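Notes for the structure review
Here are the chains, one letter per residue:
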Amino acid sequence: MLDAALLGLLLVAIAIGYGLGYRQAGRRRHRPNSLAASSQALSRDYFVGLNYLLNEQPDEAINTFINVLAVNSDTVDTHIALGKLFRARGEADKAVSIHQNLLARPALSQHTNEQIQLELARDFMALGVHDRAQGLLTTLLEHSSDEHHRYTAKQLLVDLLEREKAWQQALDVIQPLLKQHPKMRRPAAHWLCELALEKINEGSRALAKKHLKKALQLDDNCVRATLLLAELEVDNGHYARAIERLDNIPRQEITHVPTMLPALKHAYLRNNDEMGFETHLYRLLEQTPYTSTIIELGQLVHQRDGVDKAIELIGDRLRATPSLGGLDYLIDLYIESQRLSGKPSPDTRLLLLKHHTNALLLNRPSHRCQHCGFTSDALQWQCPSCRYWGTIKPIIGVEGE
Ligand SMILES: [Zn+2]
């Protein structure tokens, strides 16, 4: 079966065929006899390449097409398309040779030259040779007057700096673009969070706070910045302020309520305010009955009023909003209740149920990227698959929250 890369090659083959046909038609019009032999050779090579392609021998096809193209210095677009295909096939080194050969040609227009430089930068990035890519992009930004090329170069440079974790440099590049491209505010806010974490590790809390406040100015819904600011407040003994900050999170992103619960609990308990925590949990449950909130409340009631009160509470809540995690916790409570009532061992039916919920919960992801669908069992602020920031959120529903 033809795969995507092969299909792409077929398209390139058609482009080459079209280019050759056009050139040969032109030659026939102007110089009927002069290039007949060479044209025949080109056509023969072209059809040999096509034959390789149709026989699913892409490497042989590519080599033949390169030979054909080498004779035709004006088929730059096809060269570029071929380079892109090599890169897509994971052979960026071959793409580099194609693009470097193209750049060596003296008669290129400024526009085409910049187009190839951008492709070459992409090749170097794919090869992990970031300094070469950065050099090309920086030079292009210094000399190009083409707005589209400048924007693409900035995007690539930002992507590169992000991979290098050069957060401040990435921010410097993106800053002038934020007004025109508000979508970039979210990643920029996360880079500020990354800078804040670096400052926290260095012991510069004041600087960290400054970065986090700036992050919220860029993206008012940056849950991560709010969480980090709340943690800083707790560290400074400002528990009420921490709780006030965390109280913004349901408005920023309701599905991150489970994410903020540990920080909320920490702030209340450090302030010796268990009642306050309980009231807050009830308030959160009124907004959204997430499993983590229900279990947190159950644990609180369990500790204070005993296991039977917790069973009553969790049972009621689960009737309204059933969830696998809640059921698993309820079974734990029943087992605990039987143990306390003096039974030598828990009911086997309960153990069987526990076995089933355990099996169902095992290896079940708790988080999913809203952009690409990547799943994981922990929160990550940047999706490792699509590299979007802030798109991984807790999974909501019977199997999740
Ligand atoms: Zn993703």
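Residues numbered from 1 in each chain as written. Predicted model: local features only at pLDDT ≥ 70, side-chain atom pairs only at ≥ 80, totals over all residues. Heavy atoms only, no water.

Taking an unreviewed UniProt entry as the reference, the protein is identified by name as Lipopolysaccharide assembly protein B belonging to Halovibrio variabilis. The heading Subcellular location (unreviewed entry) in the UniProt record of the protein holds the text "Cell inner membrane". Here is the UniProt Sequence similarities (unreviewed entry) comment for the protein, exactly as written: "Belongs to the LapB family." (UniProt positions renumbered as here; feature names shortened; annotations may be inferred.)

Each protein donor to the zinc ion is listed here as C369 (SG), C372 (SG), C383 (SG) and C386 (SG); together their distances run 2.2 to 2.3 Å. Each of the 4 donor atoms around the zinc ion contributes to a set of angles spanning 104 to 115°, which defines the coordination as tetrahedral. Using a relative accessible area of 1% as the deciding quantity, one classes C383 as buried. (Donors = N, O, S within 2.8 Å, 3.2 Å for Na, K, Ca; no water. Tetrahedral: all angles 85-135°; square planar, octahedral: opposite > 155°, others 65-115°. Buried < 20%, exposed > 50% of the residue type's maximum accessible area, 1.4 Å probe, protein only.)

Taking the UniProt record as the reference, the feature "binding site: Fe cation" (unreviewed entry) is found at C369, C372, C383 and C386. Spanning 18 residues, the annotated positions come together in the fold, the maximum distance between their C-alpha atoms being 8.7 Å. For C369, the residues in contact, after removing those within four places along its chain, are F374, C383, C386, T391 and I392. Structurally, the position occupied by C383 is in the loop between β2 (375-376) and β3 (392-394). For C383, the residues in contact, after removing those within four places along its chain, are C369, C372, F374, Y388, T391 and I392. (Contact = heavy atoms within 4.5 Å. Helix = DSSP H or I, 4+ residues; strand = E, 2+ residues; numbered from the N terminus.)

Once that is clear, we can look at helix α15 (residues 257-270). Compared with an ideal rise of 1.5 Å per residue, which puts 14 residues at 20 Å, α15 spans 20 Å between its outermost C-alpha atoms and is within 8% of the ideal. Largest kink in α15: about 25°, centred on A263. Residues V257, P258, T259, M260, L261, A263, L264, A267 and Y268 constitute the buried set of α15. Each element contacted by the buried residues of α15 is listed here: α12 (223-235), α13 (239-246), α14 (249-252), α16 (274-287), α17 (291-305) and β3. Just downstream of α15, N272 is the residue with a positive phi angle, here 50°. (Expected span 1.5 Å × (residues − 1). Bend = angle between axes of the 7 residues up to and from the residue.)

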